[in-house]
Amino acid sequence: MPEETLFDQILSGSVPSEAVYEDDVVYAFKDINPQAPVHVLVIPKKKLESFADVRSGDDTAVGAFMKGVSRVAAELGLEERGYRVVFNTGPEAQQSVLYLHAHILGGRQMSWPPG
Ligand code: 5GP
């Protein structure tokens, strides 16, 4: 059984968060330490631990999650200017919470390569 993480607690409401979007599949909330004017985290309600688990995940659930991330970006009004979606995965990418989450970053000009 995977360990309960901060994002399990945010999803259950035992840790407060600032919701921006929710449906049957995803929960989206503001990052506590924003790296852009818009910085939202999107998590699937059906837990996976990381992007590495996506390939063994249920096709319907994974597809619905990806659609949810796209929907959140649209709801945030980011489509015209553009935005970045980041899945930090594992230690070198500095994934700090073992619960799959997409970072949606927008509202400023991005640079490449990322740090
Ligand atoms: P990671 O580094 O795992 O890809 O992303 C974890 C993210 O969770 C970080 O961007 C961090 O700022 C955010 N975070 C950490 N603790 C909290 C919290 O208590 N509430 C919210 N809303 N975000 C958090």
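Worth saying up front: this structure is predicted, and the values here are computed from it rather than measured. (Residues numbered from 1 in each chain as written. Predicted model: local features only at pLDDT ≥ 70, side-chain atom pairs only at ≥ 80, totals over all residues. Heavy atoms only, no water.)

(A) Local environment of the nonpolar core. Within the largest apolar cluster, 15 residues are counted, with the highest numbers of intra-cluster contacts made by V26, A28, V42, F65, V69, V72 and I104. Counting only elements with at least two residues in this core, the list comes to β2 (26-30), β3 (38-44), α2 (59-75) and β5 (102-106). With near-sequence residues (within four places) excluded, V69 lies in contact with V42, V85, A102 and I104. (Core = buried A, V, L, I, M, F, W, Y, C linked by side-chain atoms within 4.5 Å. Buried < 20%, exposed > 50% of the residue type's maximum accessible area, 1.4 Å probe, protein only. Helix = DSSP H or I, 4+ residues; strand = E, 2+ residues; numbered from the N terminus. Contact = heavy atoms within 4.5 Å.)

(B) The arrangement of the site of the ligand in detail. Around the ligand, a shell composed of 16 residues is seen, among which K30, D31, S96, H101 and H103 lie nearest. I32 is positioned such that a nitrogen or oxygen atom in its backbone is 3.3 Å from a nitrogen atom of the ligand. Between the ligand and the protein, one listed contact pairs an oxygen atom with a side-chain N or O atom of N88 at 2.9 Å. Burial of the ligand by the protein chains amounts to 81% of its free accessible area of 520 Å². Among the cavities detected, the one that contains the ligand is the largest pocket. For the shell around the ligand, the secondary-structure elements that each account for two or more residues are α1 (6-12) and β2. The element that contributes the greatest number of residues to the shell around the ligand is α1, accounting for three residues. Grouping the amino acids of the shell around the ligand by side-chain chemistry returns seven nonpolar, seven polar and two charged. (Near = heavy atom within 4 Å. Polar contact = N/O pair within 3.5 Å; in protein donor to acceptor, adjacent residues only side chain to side chain. Areas by Shrake-Rupley, 256 points an atom, 1.4 Å probe, with all protein chains shown as cover. 1 Å grid on protein atoms, 1.4 Å probe; cavity = no way out; pocket = protein on both sides within 12 Å on 5 of 7 lines; lining within 4 Å. Sits in = over half its atoms within 2 Å of the grid points. Nonpolar A, V, L, I, M, F, W, Y, C, P; charged D, E, K, R; others polar.)

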